[in-house]
Amino acid sequence: MEALLQTKGLLSLPNKPKTRAFYPLPQGSLRHIFNPINSLKPKQPLEGLSLSSNGFQKVQVFGTKPQLVGKKNKLFPVCSAATAADGEPVFTEESPKFMGIEIVTLKKIIPLGVMFFCILFNYTILRDTKDVLVVTAKGSSAEIIPFLKTWVNLPMAVGFMLLYTKLTNVLSKQALFYTVILPFIAFFGAFGFVLYPLSNYFHPTALADQLLNILGPRFLGPIALLRIWSFCLFYVMAELWGSVVISVLFWGFANQITTVDEAKRFYPLFGLGANVALIFSGRTVKYFSNLRQSLGPGVDGWAVSLKAMMSIVVGMGVAICFIYWWVNHNVPLPTRSKKKKEKPNLSTMESLKILASSKYMRDLATLVVAYGISINLVEVTWKSKLKAQFPSPNEYSSFMGDFSTATGIATFTMMLLSQWIFDKYGWGTAAKITPTVLLLTGVGFFSLILFGTPLAPTLAKFGMTPLLAAVYVGAMQNIFSKSAKYSLFDPCKEMAYIPLDEDTKVKGKAAIDVVCNPLGKSGGALIQQFMILSFGSLANSTPYLGGVLLVIVLAWLGAARSLDGQFTALRREEEIEKEMERASAVKIPVVSQDEGGNGSLTSDSSSLNPTGGDSAGASSEPSSPRNL
């Protein structure tokens, strides 16, 4: 009997049910033993009863029935969806909550929020510092950035991911986390206290000067890679902190310990917290960059500021490691389904075929590539003007601190407005805001560079030179473009995948990851390299860069308009299909009278009796096993 019950379940039905009369049994009979509730209330149906169909016993839990007006609360048995694997009854109890949130969830979300704040705080300091180092260094300029991104950053990123893939096969998750993050922390500490103070001793300055005299000034950027190689290494490590520690380590850990419901509820708050980190870290960079004013003559103010900021980076890194250790030792991991959706591993040619075969995917790819190229074209040109206006590393870094704070405030505000924009104006308008902002501010920026001299008298009335005005307009362009990207462009891009069928959605996203993301990031740098080597300098190539930017943004707007029409059509088809499914699923019940005069609801006989037989007899006997 025990083996039979565990195999079939206590309340399961036979595969081919037949109509049988149900005769009452004595009080101590088998029926009352297995269903004691019915022995107490023989004429009342068991509310909330869920029959087992998989051969396992259902868990019985006592809950509170909703209180009705004029009646007192009573405990009623409620059947839970959990199952007891060993056949023994299990009684669950509600976990404690604080402000409506379970304590177990708070033990995960609060440490994750603090960890994300520390990571983003470090990233802002590193991002501002890396630009100061490579742009303001002696014998270098903003022209080094395109060559640095293409020939140093990209190969090191690919090499790191290959190494990371191999480490995942031999190390545990915790060991992998520490193995990846600790070298970053050690390098940034060593750079501030060892590498930068001793950089004059191991930088090949004389060799770089000889090469520059032989090759000419148009090769200033490539030669600077050799001249300040330790600064370039810091630049790459700072870039990798953003892509590795944020994308791989943090989000991988967050997805490991949170459930889907927790992610839907709390992940958007992480985005708002990221912008708060931008604001505070921008103020920190501003403070330490202004230390030079309080130091005596002959003191390298930038070296002092760099030591202070790298000390903060190391301290935040240690805090990240401690939080990771604490969560792993104090927070239980959620149970996961063993079924996994495999992401197709597409080659470059397979990705190109997918993009070429679908107009929808081509338009979506155009959006991704156009953003990457456009922001690179403007950003490097703006940083060259920024160095001309603020040649001192401390002044440059102080301005970048204000820039990061303004970016955080603008992005925070845009994230609060983005939901209203989507609800009020729809996907199409939201997708066009980012290229429109970049186009308008880009026209103003390049106009000030090209036609600044005629505008000098007018700008002098406002206390600005054409160069300072170009710096401010370029900063506004970067601030508004990045805030629009984080709050509108990224959500629009991800939403565009939703109406696609599952195969196109998965393969199309993989194709864009393989082809379009690297092309967008490196495309702008390659265009700038061609312009610099062709026209001699970044300043000489500015008019042509402005023309390229105009063409790319117009193509971006055209792709957004085309994609909006296709996206709307797919959404409309999806809604029509859902309405048809709902209409086909609705069945109108028929009220019939039994012999006792009680009305009962009946529907299609196939839904009551899959075998199609004895349906009339089954409906005439309300005490049959199916009605229990």
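What counts, and at which threshold
- Residues numbered from 1 in each chain as written.
- Predicted model: local features only at pLDDT ≥ 70, side-chain atom pairs only at ≥ 80, totals over all residues.
- Heavy atoms only, no water.
- Helix = DSSP H or I, 4+ residues; strand = E, 2+ residues; numbered from the N terminus.
- Buried < 20%, exposed > 50% of the residue type's maximum accessible area, 1.4 Å probe, protein only.
- Contact = heavy atoms within 4.5 Å.
- Areas by Shrake-Rupley, 256 points an atom, 1.4 Å probe, with all protein chains shown as cover.
- Core = buried A, V, L, I, M, F, W, Y, C linked by side-chain atoms within 4.5 Å.
- Salt bridge = Lys/Arg side-chain N within 4 Å of Asp/Glu carboxyl O.
- Patch = residues over 30% accessible without salt bridge, like charges linked within 9 Å, V, L, I, M, F, W, Y side chains within 5 Å.
- Phe/Tyr/Trp six-rings, centres within 6.5 Å; stacked < 30°, edge-to-face > 60°.
- Polar contact = N/O pair within 3.5 Å; in protein donor to acceptor, adjacent residues only side chain to side chain.
- Expected span 1.5 Å × (residues − 1).
- Bend = angle between axes of the 7 residues up to and from the residue.
- pLDDT = per-residue confidence, 0-100.
- Axes fitted to C-alpha atoms, helices over the stretch in contact; angles between N-to-C directions.
- Parallel < 35°, antiparallel > 145°, perpendicular 65-115°, else oblique.
- Left-handed = near helix turned anticlockwise from the far one by under 90°.
- Nonpolar A, V, L, I, M, F, W, Y, C, P; charged D, E, K, R; others polar.

- Per an unreviewed UniProt entry, the protein goes by the name ADP,ATP carrier protein and belongs to Anisodus acutangulus.

### Here we look at the overall build of the protein
Moving on, step 1. The helix and strand tally for the protein stands at 21 helices and 6 strands.
Moving on, step 2. Per-residue burial over the protein gives 40% buried out of 628 residues.
Moving on, step 3. When contacts within the protein are restricted to residue pairs at least 6 apart in sequence, long-range pairs at least 24 apart make up 78% of them.
Moving on, step 4. When the accessible area of the protein is evaluated, it comes to approximately 34400 Å², of which 64% is carbon and sulfur surface.

### What about the nonpolar core?
Moving on, step 1. Counting residues in each nonpolar core, the largest one holds 138 residues, and the members touching the most others are Ile-119, Ile-181, Phe-184, Phe-188, Trp-241, Met-310 and Trp-382.
Moving on, step 2. The greatest single-element share of this core, amounting to 17 residues, is contributed by helix α10 (residues 229–257).
Moving on, step 3. Residues contacting Ile-119, with those up to four places away along its chain left out, are Trp-241, Val-245, Ile-246, Phe-250 and Ile-320.

### Considerations on the pattern of salt bridges
Moving on, step 1. One pass over the full model with this rule turns up 12 salt bridges.
Moving on, step 2. Residue Arg-582 pairs with Glu-579 through a salt bridge whose shortest N-O separation is 2.7 Å. Placement of the pair is Arg-582 and Glu-579 together in helix α19 (residues 542–585), with a separation of 3 residues, close to one helical turn.
Moving on, step 3. Residue classification places Glu-579 among the partly exposed residues on the basis of a relative accessible area of 46%.
Moving on, step 4. Linked by salt bridges that have partners in common, Lys-130, Asp-131, Glu-239, Glu-379, Lys-383 and Lys-482 make up one network.

### Brief notes about a nonpolar patch on the surface
Moving on, step 1. Together, Leu-207, Leu-211, Ile-214, Leu-215 and Leu-226 make up a nonpolar patch on the protein surface, roughly 440 Å² of accessible area in all.
Moving on, step 2. Looking at the nonpolar patch element by element, the count peaks at 4 residues for helix α8 (residues 205–215).
Moving on, step 3. By secondary structure assignment, the location of Leu-207 is in helix α8.

### Some points on the environment of Leu-377
Moving on, step 1. Structurally, Leu-377 is set in helix α14 (residues 359–389).
Moving on, step 2. Residue Leu-377 is classed as buried on the basis of its relative accessible area of 0%.
Moving on, step 3. Setting aside residues up to four positions removed in sequence, Leu-377 forms contacts with Gly-524, Ile-527, Gln-528, Leu-545, Val-548, Leu-549 and Ile-552.

### Remarks on the packing of aromatic side chains
Moving on, step 1. Applying the stated rule across the entire model yields 35 aromatic pairs.
Moving on, step 2. A centroid spacing of 5.3 Å and a plane angle of 25° characterise the contact between Tyr-371 and Phe-489, whose relative ring orientation is stacked. Here the residue Tyr-371 occupies a position in helix α14, and Phe-489 occupies one in helix α17 (residues 466–495), the gap between them amounting to 118 residues.
Moving on, step 3. Relative accessible area serves as the criterion here: at 11%, Tyr-371 is assigned to the buried category.
Moving on, step 4. Taken together, the ring pairs connect Phe-184, Phe-187, Phe-188, Phe-191, Tyr-196, Phe-231, Phe-234 and Trp-241 into an aromatic cluster.

### Some words on the side chain of Ser-289
Moving on, step 1. Assignment of secondary structure puts Ser-289 in helix α11 (residues 260–289).
Moving on, step 2. Looking at Ser-289, the relative accessible area reads 2%, which means it is buried.
Moving on, step 3. At 2.6 Å, the side chain of Ser-289 and the side chain of Ser-397 are in polar contact.
Moving on, step 4. Not counting residues up to four positions away in its chain, the partners in contact with Ser-289 are Ser-305, Asn-394, Ser-397 and Ser-398.

### Some details on helix α5 (residues 144–170)
Three or four residues apart is the spacing at which side chains of an α-helix point the same way, because the helix has 3.6 residues per turn.
Moving on, step 1. The end-to-end C-alpha separation of α5 is 38 Å, in line with the 39 Å expected for 27 residues at 1.5 Å each.
Moving on, step 2. Along α5, the largest kink reaches about 35° and is centred on Asn-153; proline Pro-155 follows within four residues of it.
Moving on, step 3. Along α5, the residues classified as buried are Ile-144, Ile-145, Pro-146, Phe-147, Leu-148, Lys-149, Thr-150, Asn-153, Phe-160 and Tyr-164.

### Considerations on the confidence of the model for the protein
Moving on, step 1. Of all residues in the protein, 72% attain a pLDDT of 70 or more, and the chain-wide mean is 76.
Moving on, step 2. Across the protein, helix α6 (residues 173–195) holds the top mean pLDDT of 94, while helix α21 (residues 615–620) sits lowest at 40.
Moving on, step 3. Here residues 1–14 is modelled with pLDDT under 50, and outside its nearest four sequence neighbours on either side it reaches 14 contacts, counting other chains as well.
Moving on, step 4. Below pLDDT 50 for its whole length, residues 17–92 participates in 83 contacts with residues either more than four positions away or in separate chains.

### Points about the packing of α10 against helix α12 (residues 301–330)
Moving on, step 1. One way to put it is that α10 packs onto α12 with a least axis distance of 13 Å and a crossing angle of 20°. Taken together, the axes of α10 and α12 are roughly parallel relative to one another. Every pair of crossing elements has a handedness; the one defined by α10 and α12 is left-handed. Between α10, through Phe-234, Trp-241, Phe-253 and Ile-257, and α12, the contact on the second element is made entirely by Met-310, Ile-320, Tyr-324, Val-327 and Asn-328.
Moving on, step 2. The class makeup of the residues in the contact of α10 with α12 is 8 nonpolar, 1 polar and no charged.

### Notes on the packing of α5 against α14
Moving on, step 1. The geometry of α5 relative to α14 is characterised by a closest axis approach of 9 Å and an angle of 135° between their N-to-C directions. Considering their axes alone, α5 and α14 lie oblique with respect to each other. Contact with α5, carried on its side by Ile-145, Pro-146 and Lys-149, involves Asn-376, Glu-379, Val-380 and Lys-383 of α14 and no other residues of that element.
Moving on, step 2. Taken together, the residues of the contact of α5 with α14 break down into 3 nonpolar, 1 polar and 3 charged.

### Describing the environment of Gln-293
Moving on, step 1. Counting through the fold element by element, Gln-293 comes out in the loop between α11 and α12.
Moving on, step 2. On the accessibility criterion, Gln-293 (71% relative accessible area) is exposed.

### Things to note about the environment of Phe-288
Moving on, step 1. Summarising the element assignment, Phe-288 is placed in helix α11.
Moving on, step 2. Between the alpha carbons of Phe-288 and Gly-401 there is a distance of 9.6 Å; along the sequence they are 113 residues apart.

### Some words on α14
Moving on, step 1. In this model, α14 (31 residues) spans 45 Å end to end at C-alpha, consistent with the 45 Å of a helix rising 1.5 Å per residue.
Moving on, step 2. Of all 31 residues in α14, 24 are buried, a share of seventy percent or more.

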